Amino acid sequence: MDDKLMLMIPGPTPVPEQVLLALAKHPIGHRSSDFAPIMAEVTQGLKWLHQTQNDLLILAASGTGAMEAGIINFLSPGDRVLVGSNGKFGDRWAQICEVYGLTVDRITAEWGKPLDPEQFRAQLEADTDKQIKAVIVTHSETSTGVLNDLETINRYVKAHGQALIIVDAVTSLGAINVPIDEWGLDVVASGSQKGYMLPPGLGFVAVGAKAWDAYATAKLPRFYLDLGKYRKEVAKNSHPFTPPVNMFFALQVALRMMQKEGLENIFARHQRQTSATRAAMKALNLPLFAPDHAASPAITAIAPVGVDAEQIRSIVKKRFDIAMAGGQDHLKGKIFRVGHLGFVSDRDILTAISALEAALLDLNYDFTPGAGVAAAAKMLTT
Ligand SMILES: *Cc1c(COP(=O)(O)O)cnc(C)c1O
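Everything in this summary refers to the structure shown in the same document. (Residues numbered from 1 in each chain as written. Predicted model: local features only at pLDDT ≥ 70, side-chain atom pairs only at ≥ 80, totals over all residues. Heavy atoms only, no water.)

Thoughts on the overall build of the protein chain
For clarity, the threshold we go by: Helix and strand assignments come from DSSP, with helices taken as H or I runs of at least 4 residues and strands as E runs of at least 2, each series counted from the N terminus. Values of the radius of gyration come from C-alpha atoms, whereas the globule rule sets the reference at 2.2 Å times the count of residues to the power 0.38. The rule is simple: take the accessible area with a 1.4 Å probe, protein chains only, and divide by the maximum for that residue type; under 20% is buried, over 50% is exposed, in between is partly exposed. Whether two residues are in contact is decided by their heavy atoms, any of which lying within 4.5 Å being enough. Residue-level accessible areas treat just the shown protein chains as cover; the underlying method is Shrake-Rupley with a 1.4 Å probe. A residue counts as positive if it is Lys or Arg and as negative if it is Asp or Glu; His and the chain ends are not included. Here the site of a charge means atom NZ of a Lys, CZ of an Arg, CG of an Asp or CD of a Glu.
Looking only at helices and strands, the protein chain features 14 helices and 13 strands. For 382 residues, the compact-globule estimate of 2.2 N^0.38 gives 21 Å, and the protein chain sits close to it at 21 Å. A principal-axis box enclosing the C-alpha atoms of the protein chain has dimensions of 60 × 55 × 35 Å. Evaluated residue by residue, the protein chain yields a buried proportion of 59% over its 382 residues. Looking at the protein chain alone, contacts between residues at least 24 apart form 72% of all its contacts between residues at least 6 apart. Total accessible area on the protein chain is roughly 15,300 Å²; 53% of this is exposed by carbon and sulfur atoms. Treating the 37 positive side-chain charges of the protein chain as one cloud and the 39 negative ones as another, the clouds have centres 3 Å apart.

Examining the pairing of strand 5 (residues 132-138)
For the record, the criterion: When DSSP finds two or more bridges between a pair of strands, those strands are recorded as paired.
Along strand 5, six of the seven residues are buried, which leaves the element largely enclosed by surrounding structure. In terms of strand pairing, strand 3 (residues 80-85) meets strand 5 through four bridges, oriented parallel. Considered in strand 5, the bridge of Arg-80 is made with Ile-132. Sheet topology places strand 5 next to strand 8 (residues 164-168); five bridges connect them, and they run parallel. Paired with Ile-136 across the bridge in strand 8 is Ile-166.

Details of the packing of helix 3 (residues 63-72) against helix 4 (residues 88-99)
So the rule is basically this: Only the contacting stretch of a helix is used when fitting its axis, a line to C-alpha atoms as for every element, and angles between N-to-C directions run 0 to 180 degrees. For this classification, under 35 degrees means roughly parallel, over 145 means roughly antiparallel, 65 to 115 means roughly perpendicular, and everything else is oblique. Each crossing is labelled by how the near helix is turned from the far one, with a counterclockwise turn of less than a right angle marking it left-handed and a clockwise turn marking it right-handed. Gly is placed with the polar residues, together with every amino acid not listed as nonpolar (Ala, Val, Leu, Ile, Met, Phe, Trp, Tyr, Cys and Pro) or charged (Asp, Glu, Lys and Arg).
Orientation of helix 3 relative to helix 4, taken along the N-to-C sense of each, is 45°, at an axis distance of 10 Å. Comparing their axes, helix 4 and helix 3 come out oblique. Every pair of crossing elements has a handedness; the one defined by helix 3 and helix 4 is right-handed. For the pair helix 3 and helix 4, contact is made by Thr-64, Met-67, Glu-68 and Ile-71 and by Phe-89, Arg-92, Trp-93, Ile-96 and Cys-97, respectively. Residue composition of the contact of helix 3 with helix 4, by class: six nonpolar, one polar and two charged.

Some words on the site of the ligand
Selection criterion: When at least one non-hydrogen atom of a residue lies within 4 Å of a molecule or strand, that residue is treated as near it. Pairs of N or O atoms within 3.5 Å make up the polar contacts considered here, provided that, within protein, one atom can donate a hydrogen while the other can accept it, and that residues adjacent in sequence are counted only when both atoms are side-chain atoms.
In the vicinity of the ligand lie 14 residues, with Ser-62, Thr-64, Thr-142, Asp-168 and Lys-194 positioned nearest. Side-chain polar atom of Ser-62 to an oxygen atom of the ligand: 2.5 Å apart, as the coordinates give it. In the model, an oxygen atom of the ligand is placed 2.5 Å from a nitrogen or oxygen of the Thr-64 side chain. Burial of the ligand by the protein chains amounts to 87% of its free accessible area of 380 Å². At the level of secondary structure, the elements contributing two or more residues to the shell around the ligand comprise helix 3 and helix 4. No other element matches helix 3, which puts three residues into the shell around the ligand.

Description of the packing of helix 11 (residues 263-283) against helix 14 (residues 371-381)
Closest axis-to-axis distance for the helix 11/helix 14 pair is 7 Å, and the angle between their directions is 155°. Our classification of the angle between helix 11 and helix 14 gives roughly antiparallel. In this structure, helix 11 meets helix 14 at a crossing whose hand is right-handed. The segment helix 11 lies against helix 14, with Arg-272, Gln-273, Ser-275, Ala-276, Ala-279, Ala-280 and Ala-283 engaging Ala-371, Gly-372, Ala-375, Ala-376, Met-379 and Leu-380. Considering only residue class, the contact of helix 11 with helix 14 consists of nine nonpolar, three polar and one charged.

Some words on the pattern of salt bridges
The condition is simple: Here, a salt bridge means any Lys or Arg side-chain nitrogen found within 4 Å of an Asp or Glu carboxyl oxygen.
By the definition in use, this model includes 17 salt bridges. The partner of Arg-231 in a salt bridge is Asp-55, with the nearest N and O atoms 3.0 Å apart. In this pair, Arg-231 sits in helix 9 (residues 227-234) while Asp-55 sits in strand 2 (residues 55-60), placing the two residues 176 residues apart along the sequence. Taking the shortest distance from any N to any O, the salt bridge between Arg-106 and Glu-98 comes out at 3.4 Å. The exposure class assigned to Glu-98 is partly exposed, which follows from its relative accessible area of 41%. Three or more residues are tied together by salt bridges with common partners; here these are Asp-91, Glu-98 and Arg-106.

Considering the sheet that holds strand 13 (residues 336-339)
Read across the sheet, four strands follow the order 1-12-13-11 without closing on themselves; strand pairing throughout is mixed. Taken across any chain shown, the strands that pair with only one partner, and hence form the sheet edges, are strand 1 (6-8) and strand 11 (299-302). Strand after strand, the sheet turns through a mean of 35° between neighbouring axes, direction not considered. In this structure, strand 11 lies alongside strand 13, joined through four bridges in antiparallel fashion.

These figures capture arrangement, not role.
So this is what it looks like as structure tokens:
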């Protein structure tokens, strides 16, 4: 049957009908008096979602554009940075920094394991002449389903005193608590197609006072992604370039939905669905790729044994029109990933687990039929 595609990937994520309908309106002029109140409302809404009074800037870009903006506005060629790298997106941070001629020290962990905050502490404490200009971390590492301990790493950055903390919160924002002001996070990047219940197209960057100080002397070239331009315009409820105005209509609706649900409820929903998904996999003898204490609230990665990850994905897609994600880079074919980020209901989780069980039956996998659904259902009631 057509038109029943269910996205259980970590982005793009499902979009509610009322958000889709907002996209179908006629565009308006971004310099018109109609646009300014929308800009004002979405900026306030984003600050609420980010739990910050810092500047909140909206870019016509994917998450990577927001990440790149987070580097080029605050650093200079040759600057030393510490980059946490335990998956594809941590690697991406390092690549962006290298392209721009920064001196990159990677703190690595095996893919599927969280970064060790003590390694950050050791490097930061050894840096007595304060050469480290920034510590750059991916909070929820989407490629592996690992949640890094941002709170502890950030504490060590604060103890260092000089370095900025620059964060990829692309699959943690709107899924788990990221209290930007309380923790003092300097730069936080995210993207619309993840926890925002929106299609791809917008990137978001939250920028604090210490980062703006660095901006004043940063020497990397910047033009379209020059955040100073966005800051100046947002003060007038405007935008420096032609923004995708329909995405702003959609953002307005999505933020209203999120405010109605409330941050605590949004986080609780993601936690419940993460627990349900993980409980189901355990009940099905499907090994989880990330440990319980470092489980992403947005994505669960599974490394099946005795059954092929790509075959599972293929059956679930062909027979049930449910898209699950595969592995990236060297994990291709070794893992599959189930997204539970954004506009996902408990029903979606039960549906996805049922479809997974049906695929496992097809593949003659050794498991107790119904065990996954039962385990998930139990977690969803608590
Ligand atoms: C999706 C994602 C990004 C950004 O990817 P884009 O395709 O550029 O939107 C960055 N970091 C993480 C952790 C992600 O999940």
